[in-house]
Amino acid sequence: MRPLFFFASMLFVFAVSIVPADAQTVLDRSVARGDAKVLQIEAGGAAVTFVPSADASAIRVQVVQDAKMQLPVVDSAHAGNRLSVTIRPPSGPPLIPFVPSSSPTYTVTYPANMRLDARISSGDVALTKSTAAVEIFDQEGNINVDSPRASITAESARGEVVVTGALAPVDLAADDGDVTASLATGWSGNAIRMQSGTGAIHLSVPAGFRAKFDASSNQGSVHNPFAGSDARAPFVWLYAIKGDVWVAQNKP
């Protein structure tokens, strides 16, 4: 994962508005997977939903927006075991967000056994039931991941990071926003890492969970009823600069 505050000096301007009721699918593009094992996505200026599918053999990019808006451009390239897909505005570099009259939405469906490496400049990100490792960086938006079955690494510079029902290691960070994670019953992994600059950290664990905790906050309080555990593994590292740190058992 990129270090916390890695992108702190990068300034972006974007507008958030509601997709109008008459929005429609204006682009539906398929990209051949080839021999790629890693899907690298770069996008901006839209909310992005990733859909891992065991039935998919290619990458499908769908864009929903006002039909009067200019279409984004979808580029792709293969390099070794990596397939790079870029969704960018009609002109300009892919990671400089554009300001549309109404925010489009992108849905990216991809083979579930591909690793996902996503770089989003602006817009919320959603992902459900990933079965391969995932890494997401969002410069300006919230990240929401539900029921990841493999390791998840996620960082937002300006937004919240929420992971629910994790079954594998999590490595989460936010420069300006809360970081929240819940571990599913049956979670297995060797480490949990969560850090926040100006937000709080919330970790929920299943009943009977034992770990070696290192939880701290520079300008907040730490609430961890499991602090007295003598377990040597897994390692749980929780660090907030200006927010509180909370550890609790999952609600029944």
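Just so you know, these numbers come straight off a predicted model, no measurement behind them.

Student: Could you give me a rundown of the nonpolar core, with the residues and numbers involved?
Tutor: A general tendency of soluble globular proteins is for nonpolar side chains to be buried together. One finds Leu39 and Phe50 to be the most contacted residues of the largest nonpolar core, which totals 55 residues. Residues contacting Phe50, with those up to four places away along its chain left out, are Ile41, Val108, Tyr110, Leu116, Ala118, Val125, Ala126, Leu127 and Thr128.

Student: Please give an account of the packing of aromatic side chains that cites residues and values.
Tutor: As enumerated under the stated definition, the model contains four aromatic pairs in all. Ring plane angle 75° and centroid distance 6.4 Å describe the contact between Phe209 and Phe213, whose orientation is recorded as edge-to-face. Given a relative accessible area of 11%, Phe209 falls into the buried group. The class of Phe213 is buried, set by a relative accessible area of 17%. With centroids separated by 6.3 Å and ring planes inclined at 20°, the aromatic side chains of Phe213 and Phe226 adopt a geometry described as stacked. One end of the pair, Phe213, is in strand β18 (residues 212-217); the other, Phe226, is in the loop between β19 (222-223) and β20 (235-240), with 13 residues separating them in the sequence. As far as the burial class goes, Phe213 and Phe226 line up, both buried. Taken together, Trp187, Phe209, Phe213 and Phe226 form an aromatic cluster joined through their ring pairs.

Student: Could you give an account of the sheet that holds strand β2 (residues 38-43), with specific residues and numbers?
Tutor: Within the open sheet, the ten strands sit side by side as β5-β6-β2-β8-β10-β12-β14-β16-β20-β18. Their pairing is mixed. At either margin of the open sheet sits one strand with a lone partner, and together these are β5 (73-79) and β18. Taking each pair of neighbouring strands and ignoring which way they run, the sheet shows an average axis angle of 5°. Alignment of β2 against strand β8 (residues 115-120), held across six bridges, turns out to be parallel.

Cut-offs used in this document
- Residues numbered from 1 in each chain as written.
- Predicted model: local features only at pLDDT ≥ 70, side-chain atom pairs only at ≥ 80, totals over all residues.
- Heavy atoms only, no water.
- Core = buried A, V, L, I, M, F, W, Y, C linked by side-chain atoms within 4.5 Å.
- Buried < 20%, exposed > 50% of the residue type's maximum accessible area, 1.4 Å probe, protein only.
- Contact = heavy atoms within 4.5 Å.
- Phe/Tyr/Trp six-rings, centres within 6.5 Å; stacked < 30°, edge-to-face > 60°.
- Helix = DSSP H or I, 4+ residues; strand = E, 2+ residues; numbered from the N terminus.
- Pairing = 2+ DSSP bridges.
- Axes fitted to C-alpha atoms, helices over the stretch in contact; angles between N-to-C directions.

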